[in-house]
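Examining the three-dimensional arrangement
One-letter residues, chain by chain:
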Amino acid sequence: MSCIASGSSTFSLWRRALILAVAAVALGSTATAVARRAKQPKAGQEQNTETSKPTARFDAPDETSFTISEQVRISGDARTEYDDAVRFLQQEQYTQGIELLQKVTEAAPGVTAPYIDLGVAYTRVGDLEHAEASLKKAIELNPKHPAAYNELGLLYRQMGRFVDARTSYEKALAVYPGFHYAQRNLAILCDLYLNDLPCALAHYKAYSEAVPDDKEVAIWIADLGNRAGQ
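Residues numbered from 1 in each chain as written. Predicted model: local features only at pLDDT ≥ 70, side-chain atom pairs only at ≥ 80, totals over all residues. Heavy atoms only, no water.

1. Topic: the overall build of the protein
Applicable threshold: Counting from the N terminus, the helices are the DSSP runs of H or I reaching at least four residues and the strands are the DSSP runs of E reaching at least two. Burial here depends on accessible area, computed with a 1.4 Å probe over protein chains only, as a share of the maximum for the residue type. Under 20% is buried, over 50% is exposed, and the range in between is partly exposed. To measure how exposed things are, a 1.4 Å probe is used in the Shrake-Rupley method; for residues, cover is taken only from the protein chains shown.
Looking only at helices and strands, one finds nine helices and five strands in the protein. Along the protein, helices (α) and strands (β) appear in the sequence β-β-β-β-β-α-α-α-α-α-α-α-α-α when read from the amino end. In the protein, which comprises 230 residues, the share counted as buried stands at 51%. Of the accessible surface of the protein, which amounts to about 10,200 Å², a share of 50% is contributed by carbon and sulfur atoms.

2. Describing helix α2 (residues 94–107)
Here is the rule: One less than the number of residues in a helix, times 1.5 Å, gives the span that helix is expected to have.
With 14 residues, α2 extends 20 Å between its outermost C-alpha atoms, agreeing within 8% with the 20 Å of an ideal straight helix rising 1.5 Å per residue. Listed as buried for α2 are Y94, G97, I98, L100, L101, V104 and T105.

3. Points about the pattern of salt bridges
Stated formally: We count a salt bridge whenever a side-chain nitrogen from Lys or Arg sits within 4 Å of a carboxyl oxygen from Asp or Glu.
In total, this model carries nine salt bridges according to the counting rule given. With its nearest N and O atoms 3.0 Å apart, the salt bridge here joins D164 to R161. Residue D164 is classed as partly exposed on the basis of its relative accessible area, which comes to 32%. Where D196 meets R166, a salt bridge forms, and the shortest distance between an N and an O atom there is 3.1 Å. Of the two residues, D196 sits in the loop between α7 (180–193) and α8 (197–210) while R166 sits in helix α6 (residues 162–175), which places them 30 residues apart along the sequence. Each of E132, K136, R161 and D164 takes part in a single network of salt bridges with overlapping partners.

4. Regarding the packing of aromatic side chains
Convention followed: Put simply, two rings from Phe, Tyr or Trp (the six-membered ring, in Trp's case) pair if the centres are within 6.5 Å, and we call them stacked under 30 degrees between planes, edge-to-face over 60, tilted for the rest.
Per the stated rule, a full pass over the model turns up three aromatic pairs. Relative to Y181, the ring of F179 has its centre 5.6 Å away and its plane inclined at 70 degrees; by these criteria the two rings are edge-to-face. Y181 shares its class with F179; the two are buried. Judged by centre distance (5.7 Å) and plane angle (55 degrees), the rings of Y204 and W220 are tilted. Of this pair, Y204 sits in helix α8 while W220 sits in helix α9 (residues 215–227), placing them 16 residues apart in sequence. Judged by relative accessible area, which is 0%, Y204 ranks as buried. We classify W220 as buried; its relative accessible area is 7%.

5. As for the state of the cysteines
Linking two cysteines covalently through their sulfur atoms gives a disulfide. Selection criterion: Criterion for a disulfide: a pair of cysteine sulfur atoms within 2.5 Å.
Within the structure shown, the criterion is met by one disulfide. In this model C190 forms its disulfide with C199; the gap between the sulfur atoms is 2.1 Å. In this structure, the disulfide formed by C190 and C199 twists by about 55 degrees around the S-S bond and is classed as right-handed.

6. Regarding α9
Convention followed: The arc refers to the directions leading from the helix axis to the C-beta atoms. Between N or O atoms, a polar contact is any pair within 3.5 Å; within protein, one atom must be a potential hydrogen donor and the other a potential acceptor, and residues adjacent in sequence are included only when both atoms are from side chains.
Compared with an ideal rise of 1.5 Å per residue, which puts 13 residues at 18 Å, α9 spans 19 Å between its outermost C-alpha atoms and is within 8% of the ideal. Burial in α9 covers these residues: V217, W220, I221, L224 and G225. Seen end-on, α9 carries its buried residues on one side only, within an arc spanning 135 degrees. More than 90 degrees from the buried face of α9, the exposed residues found are K215, I219 and N226. The backbone nitrogen of E216 has a side-chain oxygen 3.2 Å away, supplied by the residue at the start of α9, namely D214. Positioned one or two residues after α9, G229 has a phi angle of 75 degrees, which is positive.

7. Examining the confidence of the model for the protein
Heads up, the rule is: Confidence of the predictor in every single residue is expressed as pLDDT, which spans 0 to 100. Residues count as neighbours in contact if any of their non-hydrogen atoms are within 4.5 Å of one another.
Across the protein, pLDDT averages 76, with 67% of residues at or above 70. Contacts for the low-pLDDT stretch residues 4–63, under 50 throughout, to residues beyond four places or in other chains number 202 contacts.

8. Points about the packing of helix α3 (residues 113–124) against helix α5 (residues 146–158)
Basically, it comes down to this: Helix axes are fitted to C-alpha atoms over the stretch in contact, other axes to C-alpha atoms as well, and angles between N-to-C directions run from 0 to 180 degrees. An angle below 35 degrees is read as roughly parallel, one above 145 as roughly antiparallel, one from 65 to 115 as roughly perpendicular, and any other as oblique. By the definition used in this description, the sense in which the near helix is turned from the far one sets the handedness, with an anticlockwise turn below a right angle giving left-handed and a clockwise turn giving right-handed.
Between α3 and α5, whose axes approach to 10 Å, the crossing angle comes to 20 degrees. Between α3 and α5, the crossing angle belongs to the class labelled roughly parallel. For the element pair α3 and α5, the recorded crossing hand is left-handed. Taken together, the residues of α5 that come into contact with α3 (itself represented by I116, V120 and T123) are A148, E151, L155 and Q158.

Structure (structure tokens):
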């Protein structure tokens, strides 16, 4: 099952390939929230059986893409409702999207993707309490899902819970250190909200090594180096 996650300004659809019980989702370069440094963010797996804890599998076809695979069992109706919900979210029709996603979670309560999408959609309509609950449910289902931790970090940053945001980003990186979206967002948090310049510089550099074409971050690194006296 695919997942919508927030980009810097719009929803971006994870490339989708759903074949009966197996769903593969690919996380593209704008698929998870990467907020501009001076702006508040806009909030935006492989599961075996009912008795097995899900685990995440990552592939990196290039420096800006990851693939998360989730094995699920869902009905055809739920698949259709999920696809319709994704379209509503892309069209910024969040109320309709949320209603359908709630139906999908009732039909497939063990699937993480709809809960992540709900978290992002609830954030867009300002329902931060339900956004947090949805993202925590996704993490409960899959404690090794870095995208869920990253979205939760963005939500906490928007709520002003900066220490919690840092913890959530760090959990994403503990699961997968190469998850450069979390590197960038943690650097922004340390830079602008926690005044932890060594943390900011370290994670900006880690992000820049993974995405060397991001000229904006290169400027931030130079600026931060000057501020830190390096």
